[in-house]
Amino acid sequence: MTAQTVPGTEATALPAVHRSRRATVLGLTGTAAVLLAMAALPYLVDSGVTGQLVKLCYLVALASMWNLLTGYAGMMSMGQQAFIGLGAYLLFVVNDHGVNVYAGTLVVSALVALLAWPLSYLAFRLRGGYFAVGTWVIAEVVRLIVVRFDSLGAASGRSLSDVTADPVLRRAFTYWLALAVMAAAVLGTYAMLRSRLGLGLQAIRDDDTAAGSLGVDVTRGKRTVYIAAAAGCAAAGAVICVNSLGVASPTQIFGVQYSALMVFMVIIGGIGTVEGPVIGALAYFLLDKYFAQSGVWYLVVVGAVAIAVSLYLPRGLWGTFAQRTGWAVFPVRHTVGR
Amino acid sequence: MTAPLLRVEHLAVSFGELRVLEDVDLAVPKGQAVGIVGPNGAGKSTLLSAVSGVERASAGTVRLAGRDVTRVSAAERCRLGIGRSFQIPRPFVDLTVFENALVGAERGAGLRGGHARELALRSLEVTGLLPLANKSAGALPLLARKRLELARALATAPEVLLLDEIAGGLTEGEAEELVATVLSLKESGLTILWIEHVVKALVQVVDRLVCLASGRIRADGDPHEVLAGAEVAEVYLGGAAA
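The name an unreviewed UniProt entry gives chain B is ABC transporter ATP-binding protein, with Streptomyces humidus as the organism.

The name that an unreviewed UniProt entry assigns to chain A is Branched-chain amino acid ABC transporter permease, with the source organism given as Streptomyces humidus. As its UniProt record puts it under Subcellular location (unreviewed entry), chain A is described as follows: "Cell membrane".

Listed below in structure tokens is the structure:
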């Protein structure tokens, strides 16, 4: 049977299928303009501002990766800190071998992707809540292995051995690195969703049994996403390491608080949308900036926001907005006719 | 005599200690429509799941066009030509109706771009879903969900179409619409294996009827003869009626 010979159909004219070409061009043009403006910031503002934006950039990258895993492939991971920590620690290794930290970020992403491949066989033996707990356990095991290496600072953390000496240049380079990682995470996610894989992933998220029965290779799709998300988290981990010129302690960089942060940002922004994690990261960044000094009240405010959004805006801030307006910066929908 | 397109030999499926299917043999020639009836718990849906790869066979073989697919994944079986619907519709709720069908056309039929979109649209056309193409699948009523199950399976360009109670829960008028659609598919030469409790709908389409009970085939032959036979009466009404 070919595309033209579905049994029972006549050779009638079919409606056209669109994919929001105008909205796509507008969205990508707007995104490019924002990224270019952000790239120019080191020439325009104080390094304190770009220093803060480094955090926003890696938060967006982390949220995008967790959204890719959970919002598109249906894998609720609580162990992405394994790859954040590996990204940071492998950066020490490549940096010790003379690779500068900026190119090294790309190298550690690739290395962590390679490590994530065998780990996926372990993690994929579990499903649902067991998968979430299993990934957390994997992260703890990775931490326990890393602290066995004295050359990596053992349980005490360590500093990078070779960084740009000029502090002004170093801050600018770190900011551009963070910006590049954020752009790659968001636009990479978008490109993946626009591909054939993206439609398959959304099918897997909604019902993996039905997806398999329609020819979607469920395990391969999930593994691709797991590896991509590991590479993205490793890049974010490398940025965190470069920004702090090292790692304060393995407990901090391998801490489950990163997973909790990712969940918070994605739920607040809107799970299953490309834009949601960006909005969620921005919301968390602002909460952190203005309430972090408020001690326990900071946590109360963060918790209250999470509860309020979950109860009243279950699709998150962007998800609710998009549902009401039909607007998307990164459209992925197919539209028949019109 | 030509080899059957689908052949099931000594098929058994167990869930732990429970034997759901036992020593099932079934051969379906190309272009034939076979109906399967039987009481609840007879193993009908499990048979379809074992054929489509959703459930693993604990013994026996499933062959498609002579190729042993018993250990092949559900996705690969779909790509080889086994399309199926589910008894309880399983739409991709956050995708549109068109995108649901497109999944089948891209991944099951292995088509790309315009060819995939055309096949998806044709499958919606034949099932009467084209006007709902942009609607979210999660918002569809039952009849449309049943039709979407059929459309998605057709979009995989199947050689064998497995239908699991697509007329169940529908009004008489709705069921008749579906029967007309399946009949046109059968008349176009598609091989069909159809489980249905609505026997009136089934006999309008199938060439052959199989009665399954307690995981075993009890009768297999002309639909009217099978329905009039003692085995079916025994299966549905108990030993006293036989």
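Participant: Any chance you could explain the overall build of chain B here in plain terms?
Facilitator: For chain B, the count of helices and strands is 9 helices and 10 strands. Computed over C-alpha atoms, the radius of gyration of chain B comes to 17 Å, within 12% of the 18 Å expected from 2.2 N^0.38 for 242 residues, which places it in the range of a compact globule. Viewed in the frame of its principal axes, chain B has a C-alpha envelope of about 55 × 40 × 40 Å. Relative to its 242 residues, chain B shows a buried fraction of 55%. Intrachain contacts of chain B at a sequence separation of at least 6 include 64% that bridge at least 24 residues. When the accessible surface of chain B is split by element, carbon and sulfur atoms take 51% of a total near 9,300 Å². Across chain B, the centroid of the 26 positively charged side chains sits 7 Å from that of the 29 negatively charged ones.

Participant: Quick question: what am I supposed to make of the sheet that holds strand E10 (residues 216–221) of chain B here?
Facilitator: Through backbone hydrogen bonds, the strands of a sheet pair up, either in parallel or in antiparallel fashion. Residues and elements named next belong to chain B. Here we have 6 strands laid out as an open sheet, ordered E6-E7-E8-E3-E9-E10, and mixed in their pairing. Edge strands, defined here as strands with exactly one partner in the open sheet, are strand E6 (82–84) and E10. Each neighbouring strand pair of the sheet contributes to a mean axis angle of 20°, computed without reference to strand direction. Sheet strands in contact with helix H1 (residues 44–52) are strand E3 (33–37), E6, strand E7 (160–164), strand E8 (191–195) and strand E9 (208–213), and its direction is about 150° off that of E7.

Participant: Sorry, what's going on with the layout of surface pockets here?
Facilitator: Where empty space is left can be seen by rolling a probe of water-molecule size over the atoms. All names here are of chain A. The volume enclosed by the largest pocket comes to roughly 1,200 Å³. Forming the walls of the largest pocket are 35 residues, and the residues nearest its centre are Thr273, Ala322, Gln323, Ala328 and Arg333. For the lining of the largest pocket, the secondary structure elements donating two or more residues are helix H1 (21–44), helix H2 (47–72), helix H7 (196–206) and helix H14 (316–325). For the lining of the largest pocket, the leading source of residues is H14, giving 4 residues. Of the residues that constitute the lining of the largest pocket, the class distribution is 15 nonpolar, 14 polar and 6 charged. Roughly 670 Å³ of volume is contained in the second largest pocket.

Participant: What is the right way to read the domain arrangement of chain B from this model?
Facilitator: Where interface size is given, it is often the accessible area lost as the parts come together that is meant. All names here are of chain B. The domain boundaries assigned to chain B delineate domain 1 (1–81 + 158–242) and domain 2 (89–157). Computed from C-alpha coordinates alone, the two centres of domain 1 and domain 2 are separated by 23 Å. Listed as interface residues are 17 residues of domain 1 and, on the opposing side, 12 residues of domain 2. Counting the surface lost from both domain 1 and domain 2, the interface buries some 1,300 Å², and carbon and sulfur atoms represent 69% of this. For the interface between domain 1 and domain 2, the tally reads 1 salt bridge. With its nearest N and O atoms 2.8 Å apart, the salt bridge here joins Glu177 to Arg147. Our count for the contact surface shared by domain 1 and domain 2 stands at 2 residue pairs in polar contact (both at pLDDT 80 or more).

Participant: Where do I start with the UniProt feature "transmembrane region" (unreviewed entry) in chain A in this structure?
Facilitator: In the numbering adopted here, UniProt assigns the feature "transmembrane region" (unreviewed entry) to residues 23–44, 56–79, 99–117, 129–149, 173–193, 225–248, 260–287 and 296–313 of chain A. Annotated as residues 260–287 of chain A, this span is 82% helix and 0% strand, and its ends, taken at the C-alpha atoms, are 15 Å apart.

Analysis parameters
Residues numbered from 1 in each chain as written. Chains lettered and ligands numbered in written order. Predicted model: local features only at pLDDT ≥ 70, side-chain atom pairs only at ≥ 80, totals over all residues. Heavy atoms only, no water. UniProt positions renumbered as here; feature names shortened; annotations may be inferred. Helix = DSSP H or I, 4+ residues; strand = E, 2+ residues; numbered from the N terminus. Rg over C-alpha atoms; globule rule 2.2 N^0.38 Å. Buried < 20%, exposed > 50% of the residue type's maximum accessible area, 1.4 Å probe, protein only. Contact = heavy atoms within 4.5 Å. Areas by Shrake-Rupley, 256 points an atom, 1.4 Å probe, with all protein chains shown as cover. Lys, Arg positive; Asp, Glu negative; His and termini not counted. Charge placed at Lys NZ, Arg CZ, Asp CG, Glu CD. Pairing = 2+ DSSP bridges. Axes fitted to C-alpha atoms, helices over the stretch in contact; angles between N-to-C directions. 1 Å grid on protein atoms, 1.4 Å probe; cavity = no way out; pocket = protein on both sides within 12 Å on 5 of 7 lines; lining within 4 Å. Points joined across faces, edges and corners; volume = space filled by probe spheres on them. Nonpolar A, V, L, I, M, F, W, Y, C, P; charged D, E, K, R; others polar. Domains from an automatic or database assignment. Buried area = accessible area lost by both parts, 1.4 Å probe. Salt bridge = Lys/Arg side-chain N within 4 Å of Asp/Glu carboxyl O. Polar contact = N/O pair within 3.5 Å; in protein donor to acceptor, adjacent residues only side chain to side chain.

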